[in-house]
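Fold and geometry: a report
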Amino acid sequence: MFIYLSKKIAIPNNTKLKCLAWNKEQGFIACGGEDGLLKVLNLNSGKEGIAKGLAAPSNLSMNQTLEGHSGQIQVITWNETHQKLTSSDSYGLIIVWMLYKGSWYEEMINNRNKSVVRGMAWTADGQKICIVYEDGAVIVGSVDGNRIWGKELKAVHLMDVEWSPDAKLLLFAIDNGEVHVYDNSGGFVSKLNIQCLANVGSTSCNIVGLHWYSGKNGHIEPDCPVLATCYDNGRMQIMKNENDDIPILVDVGMTAVGIQWNHNGSIIAVVGMQKLPEEKECNMVQFYTPFGEHLRTLKVPGKQISGCAWEGTSLRIALAVDSYIYFANIRPDYKWCYFANTVVYSFTKPEQNELSVMFWNINTQEYHVRQVRSLIGIAAAGDHCVMASRLEDGSGQHALVLCNAIGTPIDSKYVDIEPICVAMTSSLIFAASRDNVYVWQYGTLKARSTLDVTLGRSEARRERIFHVDDTPSGTADLSLENRKEDQTNDPICCMTCSDTVLVVGRESGVVQRYTLPHIAFTNTYRLSTRPYKLQLNSNSRRMAIIDVTGLLTLLDLEARSSDSTGREVAGDFLKFDRKDVWDLEWASDNPELFAIMEKTRMYIFRNLDPEEPISSAGYICSFKDLEIIAVLLDEIMLDPDSPSADSIVKRESKSLRDTRDLLEKVGIKEAAHFVEENPHPRLWGLLAEAALQNLDLETAESAFVRCRDYPGIQFTKKLQNISSETLRKAEVAAYFKQFDEAERLYLEVDRRDLAITLRRKLGDYFHVVQLLKAGTLGTDSQMVDAWNNLGDYFYDRQKWKEAAGYYEQAANQARLMKCYYMLEDYAGLDRILDAVPDDHELLPELASMFQGVGMCEQAVRAYTRCGQVKKAVDCCVSLSRWQQAVELARKHDVKETSELLAQFAQHLLAKEQRLEAVELFRKASQNIQAAQLIIRMAEDEATAKNRPSLLKKMYVLAAILVDEHRAALRVNLSSSEGSRSSALLGLDDGFQEGLAMDANMVLLENPWRGAEAYHFYMMAQRQLYEGYVDAAMKTALLLRDYEDILPPEDIYCLLALSSCANRAFATCSKAFIKLESLPEVDPIARQQYEDLAMEIFVRHTPKDSRSTRADCPQCQTKITDGVSRCTNCNARFPVCTATGRPLYNTAGTWACVRCRHRAMEADMAVRHSCPLCHAPVNS
């Protein structure tokens, strides 16, 4: 930062000031002093003009003396939220002032008449005020004047008071140097850990400043110190909070009288007096960061300074000295840079911990924001910038991030040093700590390979480091492994670089020079003071030096001079110096030109001679082509989220302004003479343009030669070959982009063709169409080309409807088709499909468009018309039009359909979409695959113990599909064995052989077996629950034939239960024996079966109570009633699907036409569908 005194206001009658306060919201300044003096001032900037910010003139718009106090004013404080001023004097009188119609009036008065007020403080929200008296009395009141609570602190003398930012705590400064912490109800909490007085001894120290930054405008870093306590002996400590055990300790080295935080807590000002060696005291203001780093010292004239106050934006500070108020302007060290027409700056927000970094393109007004934690510095060169930041992971490392003009990170490095200074060139980045300089040879994606080849650097040598006390020769190993840990006695304080030179400044005033890119130490230069800012000119022969006092000097690096001993030394200081300089920029195209910011004036120097200054407070971005670009960062920081173009200032040098004036008011000859005396490419270019406009081709050509504008030279030669003066004027108008004027001149001499050519070069086909329609020279091809280009214009802007209209006029079916597609005008696409001939190149793309939107018929038609039948079949398959796919395959002899179906089915199965796969096989008439898949699904559902009714339905569906397959097989084989259609459907002999090898083929030979198993299983349970125990037992006996489908444990449990209920204990005993012998039964369940069997058969003999027999119709052997197989001849009997009883005689039975299972006609009389497959009875 840089600070300088800018204004002084005298108080009438030489009344000495005691205190000072600045309202940061409304800008009012209150000052109090002897004899009850209390004044309110207001400094307002003048009318908006060229100069803005600090450079704008300020006028005293208010100077009101407030009457009411008679004693010396002790304390004044603002309530900014409610626009109130509170003041107290040496007699204890307290007055609250309010603003009414532009003037201040008394609102409330209070006088305790016992003691003197030592401190007053409002909460951050302005709702409460705390007043402390010297005798220990404390009063807390509300903004409307009501007393909230009061307290008498015994045996203490209070000196000051401060609220915590959240208004939950109160800090009381005691006269013995302690700071006590109370809650907002008056209860004692603790004492502050005061460490800054550890080595003071027994000398008593008074607190002169107690200030806690509220955080209203954000913090520069997370967990930043905000609570400052300062003593009159110059000792100060800064804490993060009231419980901070490791505060920042500072010795300001003077007798302090007060402290004050700025608006965002980034700087704390300490005012006081310092005794100089001449035994004279001098008023001083010291500026520190929250981390105790000293920034600046300001000397203030006068005998005794008594207080300070910051402006709302911290760009000015007011100082109360004797009977004067001094104002000092502050130029902050913003973290910012400029490159590639982009201003990069950082700012804080109260609602976030990270710093926001804005990348703002001043040409396009586009901006991008990036969030960065603990940003240290920014530097830029070429098309990139580098940001140095501190990592928050506790590793102690720092990051260097290379970004482009929109803030996108390109590359990054992590370093172990703290980069207090950062600089960069087009290929190198330098980061300097206090002891070491780190060098990173970076490369963008575009230039990385070129850098590696030209500089010959391996990846290992892209990073280097050297100690500031070393003298590298350019050949030494500067790898990171050889970094020195030694601390230097003369730390680095600043740095600058160019493509060939690196300059490092040290706190002692020593400046070291190195050559690049090999980093070889060459020279040392000695300055009388510590450098603050260094900058090299465009040819690296001169260097500008701004020291900590704001003194600018120039050093000729190549010159040789003699020191006081007569010894020759490198470098020579030019006879040039300027005071109060805080910014500087060399011209990038002229080593003799540079611009400086001196206080609020901008100076441009040519050969060390200044031009007339310009009022400005901008930070200089660039100086090129005799034009300066500066940015008003002070104005931007008022609303950093929305930078305005008004914050960019462009200033021309005097020579450029004079040349313009000569060309406009005098003539080309005089202007050419002036440019000869003050040569610059920009001036020669200006002269050449003026000569062209006057058709002075000789002067124009000469000027173009001097500014090396080769296209301009060619243009003047072209003009010399044109005989018509009007055509020359037209060409010159086109050269200066006055295209309407050029067109008018072309038409004036009847050269419509040239006008058309001009508009075509400009891509202005609207005018081309107008010119073609208005004349008779245009051809149909030119008109079609114009229509197409107009269509392209709207097509590129995604205005499909307008583009389609122009393409239709140009008969451009390819582009028209894409417009229709984007407009979803499928009727238009259909018209194009009808219009194009067969085998047209647009047909495949049209087909793809139709397929993409599910219009299968149109897609198939387009594919077949261009001969791509396979793609037509694939289209049908992808859109689930399987029947159409099969018909296409049959019609055009496509043999890959079965393979495609299999692949699609596998895809569905992989996605667990089994039902979709079944539907796929059914639609493709591949019923065997569908049946197999359903059977596998049924087996999985059976494992999951799903509902038997669902499993029965699945087996019924599988059986129906198998029957349909067999029927189709018989039809196809009877017509033509091995035919093309049979092969297409997967029904040839080879396919049947493959099926025979399938593990499920045995089940498929009797497809109704699974349905029968679950049908009888549910029937047995239904009969049992309905009380038909004998019928349930006989049905359960049938289930023994289905152990491969039903769980055997379920079968024999059901049989044991039904036979026990039927008192057929022999059958029940056999069922229990089977249950106890099943290997899959759990041991616990097996033991339970044994216990249950023991309980049953202890009571009952294992004998069936009744047993009926029937004759086998085949061998007449007596067999047990209910058995479906003869034990003698092994004949199987059909089973009634309605009752579960075996049918020994099929006479009088009904047969289902679908499943071919039988039932008694009597049982079917009341039924409308088959009990097994649910087919209608009348079918």
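Just so it is clear, the model here is predicted, and its values are computed rather than measured.

**Things to note about the overall build of the chain**
Along its length, the chain carries 32 helices and 60 strands. Relative to a compact globule of 1179 residues, whose C-alpha radius of gyration would be 32 Å, the chain shows 49 Å and is clearly more extended. For the chain, buried positions account for 50% of its 1179 residues. At a minimum sequence separation of 6, the contacts of the chain that also span at least 24 residues come to 45%. Roughly 56100 Å² of accessible area belongs to the chain as shown, and the carbon and sulfur atoms make up 47% of that amount. Charge centroids of the chain, computed over 128 positive and 153 negative side chains, lie 3 Å from each other.

**Quick notes on the packing of aromatic side chains**
The final tally for this structure, using the stated rule, is 34 aromatic pairs. With a centroid separation of 5.1 Å and an interplanar angle of 80°, the aromatic rings of Y795 and W800 are classed as edge-to-face. Through a chain of ring-to-ring contacts, three or more aromatic side chains come together here, namely F576, W586, F594, Y603 and F605. Geometry around W582 places R331 over its ring, the cationic atom sitting 4.5 Å from the centre. Residue placement shows R578 over the ring face of Y603; its charged tip is 4.7 Å from the ring centre.

**Some remarks on the nonpolar core**
If you look at the biggest cluster of nonpolar residues, it comprises 116 residues, and the most contacted ones within it are W336, V343, Y345, W360, V631, L633 and L692. Residue contributions to this core peak at 7 residues, all from helix α5 (residues 681-693). Aside from chain neighbours lying at most four places away, what touches W336 is V344, Y345, I378, Y619, I620, C621, V631 and L633. In this structure, Y1017, L1037, L1054 and W1150 belong to the second largest nonpolar core, which totals 70 residues.

**Observations concerning the packing of helix α4 (residues 668-677) against α5**
Running from N to C, α4 and α5 point in directions that differ by 165°, and their axes come no closer than 10 Å. When the axis of α4 is compared with that of α5, the two are roughly antiparallel. As for how α4 packs across α5, the hand of that crossing is left-handed. Of α5, the residues touching α4 (which contributes I668, A671, A672, V675 and E676) are L683, W684, L687, A690 and A691. A breakdown of the residues in the contact of α4 with α5 according to their chemical character gives 9 nonpolar, no polar and 1 charged.

**Some remarks on the domain arrangement of the chain**
Under the domain assignment, the chain is made up of domain 1 (2-48 + 55-204 + 302-331), domain 2 (654-721), domain 3 (724-778), domain 4 (896-968 + 1000-1004) and domain 5 (1113-1122 + 1134-1178). Relative to domain 5, the C-alpha centre of domain 1 lies at a distance of 110 Å.

**Here we look at the side chain of R578**
Looking at the secondary structure, you find R578 in strand β48 (residues 568-578). One polar contact links R578 to E598, side chain to side chain, over a distance of 3.0 Å.

**Observations regarding the pattern of salt bridges**
According to the stated counting rule, one finds 48 salt bridges in the structure shown. Several salt bridges converge on common partners, so that one network encompasses D740, E743, R759 and D764.

**Topic: the packing of helix α6 (residues 697-706) against helix α7 (residues 710-720)**
Direction vectors running N to C along α6 and α7 enclose 160°, while the axes themselves pass 8 Å from each other. With respect to α7, the element α6 is oriented roughly antiparallel. Read as a crossing pair, α6 and α7 show a hand that is left-handed. Between α6 and α7, the contacting residues are L697, A700, E701, F704 and V705 on the first element and G712, I713, T716, K717, L719 and Q720 on the second. Residue composition of the contact of α6 with α7, grouped by class: 6 nonpolar, 3 polar and 2 charged.

**Section: helix α14 (residues 813-823)**
Those residues of α14 not exposed but buried are L816, M817, C819 and Y820. One side of α14 holds all its buried residues, which, seen down the axis, span an arc of 165°. On its buried face, α14 sits against α12 (780-796), α13 (800-810), α15 (826-835) and α16 (843-852). Positive backbone phi, at 60°, marks E824, one or two positions downstream of α14.

**Things to note about the sheet that holds strand β30 (residues 342-347)**
Spatially, the 4 strands line up as an open sheet ordered β29-β30-β31-β32, and their pairing is antiparallel. Strands with a single pairing partner mark the edges of an open sheet, and in this sheet they are β29 (336-339) and β32 (367-372). Across the sheet, the axes of successive neighbouring strands diverge by a mean angle of 20°, strand direction being ignored. Pairing of β30 with strand β31 (residues 355-361), which is carried by 6 bridges, proceeds in the antiparallel orientation. Bridge pairing links Y345 to M358 in β31.

**A closer look at the environment of R751**
Mapping R751 onto the fold places it in the loop between α9 (739-748) and α10 (752-762). The spacing of R751 and L727 is 24 residues in sequence and 9.0 Å in space, taken between C-alpha atoms. Excluding residues that lie within four positions of it along the chain, R751 makes contacts with L727 and Y746. Side-chain polar atoms of R751 contact the side chain of D753, separated by 3.1 Å.

**Brief notes about helix α27 (residues 1009-1026)**
Every α-helical turn comprises 3.6 residues, leaving residues that sit three or four positions apart pointing alike. Taking 1.5 Å of rise per residue, 18 residues should cover 26 Å, and α27 covers 26 Å from first to last C-alpha, within 8% of that figure. When α27 is considered as a whole, its buried residues turn out to be G1010, A1011, E1012, A1013, Y1014, H1015, F1016, Y1017, M1019, A1020, Q1023 and L1024. Looking one or two residues past α27, G1027 carries a phi angle of roughly 95°, positive in sign.

**Overview of the pairing of strand β42 (residues 501-506)**
Extensive coverage of β42 is indicated by the burial of 6 of its 6 residues. Burial along β42 is two-sided: the face carrying V501, V503 and G505 and the face carrying L502, V504 and R506 are both buried. Here 5 bridges tie strand β41 (residues 492-497) to β42, and the two strands are oriented antiparallel to one another. Across the sheet, the residue bridging to C497 is L502, located in β42.

**A word on the pairing of strand β3 (residues 28-33)**
With respect to burial, β3 is a largely interior element, 6 of its 6 residues being buried. Burial along β3 is two-sided: the face carrying F28, A30 and G32 and the face carrying I29, C31 and G33 are both buried. Judged from the 5 bridges that link them, strand β2 (residues 17-22) and β3 form a sheet pairing that is antiparallel. Across the sheet, residue A21 finds its bridge partner in β3, namely A30. What sits between β2 and β3 in their antiparallel hairpin is a turn of 5 residues, with G27 showing a positive phi close to 85°.

**Description of the sheet that holds strand β37 (residues 421-424)**
Spatial strand order, β37-β38-β39-β40: 4 strands in an open sheet with antiparallel pairing. A strand with exactly one partner marks an edge of an open sheet, and here the two such strands are β37 and β40 (463-467). The mean inter-strand angle of the sheet, taken between neighbouring strand axes irrespective of direction, is 15°. As judged from the 5 bridges shared by strand β39 (residues 436-441) and β40, these two strands associate in the antiparallel manner. The residue of β40 that forms the bridge with Y438 is I465.

**What to know about the state of the cysteines**
Evaluated as defined, the whole model comprises 0 disulfides. Not part of a disulfide, C385 finds its nearest cysteine sulfur in C337, a span of 4.7 Å. Of all cysteine sulfurs in the structure, the one in C1068 sits closest to C1053, which takes part in no disulfide; the separation is 11 Å. For C1053, a relative accessible area of 27% puts it in the partly exposed group.

Conventions adopted
- Counting restarts for each chain, with residues numbered from 1 along the sequence as it is written.
- Totals for whole chains, interfaces and linings use every residue, but because this is a predicted model, local features are given only for residues with pLDDT of at least 70 and side-chain atom pairs only at 80 or more, for both listing and counting.
- Neither water nor hydrogens contribute to the side-chain values; these are computed over all heavy atoms in the structure.
- By the criteria applied, helices consist of DSSP H or I runs no shorter than four residues and strands consist of E runs no shorter than two, each listed in order from the N terminus.
- Using C-alpha atoms as the atom set, the radius of gyration is obtained and then compared with a globule rule of 2.2 Å times the number of residues to the power 0.38.
- Each residue is placed in one exposure class: buried if its accessible area under a 1.4 Å probe, protein chains only, is under 20% of its type's maximum, exposed if it is over 50%, and partly exposed if it falls in between.
- Residues count as neighbours in contact if any of their non-hydrogen atoms are within 4.5 Å of one another.
- In this description, accessible areas are obtained by the Shrake-Rupley approach with a 1.4 Å probe, and a residue is regarded as covered only by the protein chains that are shown.
- Note on charges: Lys and Arg go in the positive column, Asp and Glu in the negative column, and His and the chain ends are not counted at all.
- For charged residues, the charge sits on one atom: NZ in Lys, CZ in Arg, CG in Asp, CD in Glu.
- Each aromatic pair joins two rings of Phe, Tyr and Trp (for Trp, the six-membered one) with centres within 6.5 Å, and gets the label stacked for planes under 30 degrees apart, edge-to-face for over 60, and tilted for any other angle.
- Either the NZ atom of lysine or the CZ atom of arginine qualifies as a charge over a ring when it sits within 6 Å of the ring centre and within 35 degrees of the ring normal.
- Residues grouped as a nonpolar core are buried Ala, Val, Leu, Ile, Met, Phe, Trp, Tyr and Cys residues, joined through side-chain atoms within 4.5 Å.
- Angles here are taken between N-to-C directions and fall from 0 to 180 degrees, while the axes themselves are lines fitted to C-alpha atoms, restricted in helices to the stretch in contact.
- Angles are sorted into four bins: roughly parallel if under 35 degrees, roughly antiparallel if over 145, roughly perpendicular if 65 to 115, and oblique for all others.
- If you view the pair so one helix is near and one far, a crossing is left-handed when the near helix is turned anticlockwise from the far one by less than a right angle, and right-handed when it is turned clockwise.
- Here the nonpolar group is Ala, Val, Leu, Ile, Met, Phe, Trp, Tyr, Cys and Pro; Asp, Glu, Lys and Arg are the charged ones; every other residue, Gly included, is treated as polar.
- An automatic or database domain assignment supplies the residue ranges for each domain.
- Polar contacts here mean pairs of N or O atoms no more than 3.5 Å apart (in protein, one a potential hydrogen donor and the other a potential acceptor; neighbouring residues in sequence count only if both atoms are side-chain atoms).
- We define a salt bridge as a contact between a side-chain nitrogen of Lys or Arg and a carboxyl oxygen of Asp or Glu at a distance within 4 Å.
- Comment: arc refers to directions from the helix axis out to C-beta atoms.
- Paired strands are those between which DSSP finds at least two bridges.
- Between the first and last residue of a helix there are one fewer steps than residues, each counted as 1.5 Å, and that sum is the expected span.
- Note that a disulfide, as used here, is simply two cysteine sulfur atoms within 2.5 Å.

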